[in-house]
Amino acid sequence: MAFSSEIIGWYQQYKRDLPWRHTRDPYVIWLSEVILQQTRVEQGLPYFLRFLSHYPDVIAFANAPEDEILLHWQGLGYYSRARNMHKAAQAVVSAYGGVFPTRYDDLIRLQGIGEYTAAAIASFAANEARAVVDGNVFRVLARYFGIDEPINSSKGKKLFLKLADDLLDRTHPGLYNQAVMEFGAMQCKPKNPDCANCVLRLDCRAFSEERISQLPVKLKGKASRNRYFNYFVVAAEGRLLMNKRGKGDIWENLYELPMIETPCLMGIHELAGLQEVVECFGEQADLRLVAGPVKHVLSHQNLFAQFIAVDANEGYVSKKMKWNYVFTKDLGTLAKPKLIYSFLKDYMVE
Ligand code: SF4
């Protein structure tokens, strides 16, 4: 089919030279694919190299402590992905003797590996004929074929998956998959695609109908909710009070400063009178705003965070709370959300 051969021809001429393109090791491909779902190539590359140097194979990854994996993942967001990777690595060790599977049907059973990642690993590592459909592929197909079915509706997903499967080059599925993804990333970009120099231009529906900026169509997701986090900076003799977050909310098992969430943004005086604050730091605690409020956007939540220094009377801090003092020199060994990492970086310098 002209589409596939044009795309493969373009790829062979213009592809970027990236380290994971020189291997068929499914473990290495898995690392790169999961990291690249989080970030762009330029930002993901140092993470990929760091993970590979610390954990050269899946057994080393499986045996690492979770805290250490979260620390290496710090800054990428979606920490559940790192936790799922750890569980998947442990399953590879226990169920496959440490040999990373390459069959789609085995891969899809591993924690955190969905249809896209399973198809990518199976086709890149073992040339299994599975079409990958990521954001880049959705965009190229929607534009080239002029499809305005929303890519995130169930009807749209089925339609695009079927089309991707029909277009798949069954002799070179790995090569074709990489080609179409790279074409979307480099040529048919979300904004300002390079249509003037595009090998598909003559047959591209979006181009001929001047609908490039309208495609692909995506249904709006649910609205984000606002949350108000009050972080307390309690320092004592070169140590800082820290909290390890629990299950059931964002940032599971990551470290942050002691935090009290309020239903709206509160001023310092209002906060000082809040029963929860009094219970934690005593009635005479002196509160002082040191930073914020800063807005931190997550996928479905907007966090408004303020940072408040606390001078608790006679070192009063409620023992009810599971907070622990950590030497400031050791803070770098704790995995923290970006919001906390950035605050501490600035605050500790001052
Ligand atoms: S002509 Fe433009 S919109 Fe069409 S495939 Fe090429 S880069 Fe994408």
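Residues numbered from 1 in each chain as written. Predicted model: local features only at pLDDT ≥ 70, side-chain atom pairs only at ≥ 80, totals over all residues. Heavy atoms only, no water.

- The chain appears in an unreviewed UniProt entry as Adenine DNA glycosylase from Parapedobacter luteus.
- In its Function (unreviewed entry) section, the UniProt entry covering the chain states "Adenine glycosylase active on G-A mispairs. MutY also corrects error-prone DNA synthesis past GO lesions which are due to the oxidatively damaged form of guanine: 7,8-dihydro-8-oxoguanine (8-oxo-dGTP)."
- Reading the Sequence similarities (unreviewed entry) entry of the UniProt record for the chain gives the comment "Belongs to the Nth/MutY family." (UniProt positions renumbered as here; feature names shortened; annotations may be inferred.)

**Section: the UniProt feature "domain: HhH-GPD" (unreviewed entry) in the chain**
Right, on to step 1. UniProt feature "domain: HhH-GPD" (unreviewed entry): in the numbering of this structure it lies at residues 35-186.
Right, on to step 2. Segment residues 35-186 splits into 68% helix and 0% strand. End C-alpha atoms: 18 Å apart. (Helix = DSSP H or I, 4+ residues; strand = E, 2+ residues; numbered from the N terminus.)

**Some points on the domain arrangement of the chain**
Right, on to step 1. For the chain, the assigned domains read domain 1 (2-214) and domain 2 (225-349).
Right, on to step 2. In this structure, domain 1 and domain 2 have C-alpha centres spaced 38 Å apart.
Right, on to step 3. Each partner contributes to the interface: domain 1 provides 9 residues, whereas domain 2 provides 15 residues.
Right, on to step 4. Carbon and sulfur atoms make up 50% of the area that domain 1 and domain 2 hide from each other, which totals about 890 Å².
Right, on to step 5. Of the charged contacts in the structure, one is a salt bridge between arginine 83 and glutamate 252, with a shortest N-O distance of 4.0 Å. (Domains from an automatic or database assignment. Contact = heavy atoms within 4.5 Å. Buried area = accessible area lost by both parts, 1.4 Å probe. Salt bridge = Lys/Arg side-chain N within 4 Å of Asp/Glu carboxyl O.)

**Remarks on the pattern of salt bridges**
Right, on to step 1. Following the criterion strictly, the structure yields 22 salt bridges and no others.
Right, on to step 2. A salt bridge links glutamate 128 to arginine 130, with the shortest nitrogen-to-oxygen separation between them at 3.0 Å.
Right, on to step 3. Two residues, arginine 245 and aspartate 249, come together in a salt bridge whose shortest N-O distance is 3.3 Å.
Right, on to step 4. The exposure class of arginine 245 is buried, given its relative accessible area of 8%.
Right, on to step 5. Here aspartate 249 falls in the partly exposed class, since its relative accessible area comes to 33%.
Right, on to step 6. Residues joined in a network through salt bridges with shared partners are Arg103, Asp105, Asp106, Arg109, Glu128 and Arg130. (Buried < 20%, exposed > 50% of the residue type's maximum accessible area, 1.4 Å probe, protein only.)

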